[in-house]
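# Breakdown of the fold
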Amino acid sequence: MTKNSQARRVFVAGDSHAKIFSHRAFEVAFPDVFFESGAVSGATISGFRNPNSETQALPIIRRRLDLTTARLVISMFGEIDTGFVIWYRAKKYGFSVSLMLEETLGQYKAFLEELHERGHAVLCISTPLPTIPDGCDFGVVANARSSISGSQVERTELTRSFNRSMQEYCHKRDFGYLMLDELSVGSDGLVDDGLRNSDPSDHHYHPDRYAELLVAELRRFGMAERGVYDVFL
């Protein structure tokens, strides 16, 4: 379906998980909304401040933001940070995981403030829970992350702590926040099996189920918050 000039634009900034917004479920659920991709595979919050980062995510996203007419920006970052980078940097530099977490949170908050200063309304979506089980080293991502010490339980706890901190911050700043943790966790405290990808080497959520979850929660959020979030009604 081709979006006409009356379509309302929403810019989606994030890592590869943000590509979920290209799923047909969003076009069906929100036919008058054009989700403009600002996804950069491999993007990390920790890399925002590094001018030599491999992905150059922040400069790329800034250039795209300069061109967009979207008022609302959805932000989806943090999975690589909480699942790998924080643990890797803590080990490499001899700092605590909690200190690396606080540093990452500070950088993410600064990014959201930049969006606000640009005149955008902000909707932050919670970071997906870890899907790579302990001892798994097949698949490019799992193999790359096999060197860190954090177990899946520990990585899940860190991710949920990260999400709670960002939720609290967004509420204080009157930014939108979509918390999906309780809807994503199984009875064992880890990610629900229903959200796992059918390809065991793919660390992303199952696309159909993730899209379904996001559509339902965006509708609920739009109904509760109104204002700029009316686009999801």
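Calculation rules
Residues numbered from 1 in each chain as written. Predicted model: local features only at pLDDT ≥ 70, side-chain atom pairs only at ≥ 80, totals over all residues. Heavy atoms only, no water. Axes fitted to C-alpha atoms, helices over the stretch in contact; angles between N-to-C directions. Helix = DSSP H or I, 4+ residues; strand = E, 2+ residues; numbered from the N terminus. Parallel < 35°, antiparallel > 145°, perpendicular 65-115°, else oblique. Contact = heavy atoms within 4.5 Å. Nonpolar A, V, L, I, M, F, W, Y, C, P; charged D, E, K, R; others polar. pLDDT = per-residue confidence, 0-100. Salt bridge = Lys/Arg side-chain N within 4 Å of Asp/Glu carboxyl O. Buried < 20%, exposed > 50% of the residue type's maximum accessible area, 1.4 Å probe, protein only.

### Observations concerning the packing of helix 3 (residues 79–93) against helix 6 (residues 152–173)
Contact pair helix 3 / helix 6: the axes reach a minimum separation of 9 Å and the direction vectors enclose 100°. For the element pair helix 3 / helix 6, the angle class is roughly perpendicular. For the pair helix 3 and helix 6, the contacting residues are Thr82, Gly83, Ile86 and Trp87 in the first and Glu154, Arg155, Leu158, Thr159 and Phe162 in the second. Partitioning the contact of helix 3 with helix 6 into residue classes produces 4 nonpolar, 3 polar and 2 charged.

### A look at the confidence of the model for the protein
Across the protein, the average pLDDT comes to 91, with 91% of residues at 70 or higher. Scored below 50 in pLDDT, residues 1–6 shows 8 contacts in the model against residues more than four places distant or in partner chains. Below a pLDDT of 50 lies the segment residues 138–143, which in the model reaches 9 contacts outside its immediate sequence neighbourhood of four places, other chains included.

### Details of the pattern of salt bridges
Applying the stated rule across the entire model yields 12 salt bridges. A salt bridge links Arg118 to Asp66, with the shortest nitrogen-to-oxygen separation between them at 2.9 Å. You can see Arg118 sitting in the loop between helix 4 (97–117) and strand 4 (121–125) and its partner Asp66 sitting in helix 2 (residues 57–67), a full 52 residues away along the chain. Assessed through its relative accessible area of 33%, Arg118 is described here as partly exposed. Given the relative accessible area of 54%, Asp66 is considered exposed.

### What about the environment of Pro51?
Counting through the fold element by element, Pro51 comes out in the loop between strand 2 (33–39) and helix 2. A C-alpha to C-alpha distance of 14 Å links Pro51 and Ile61, two positions 10 residues apart in sequence.

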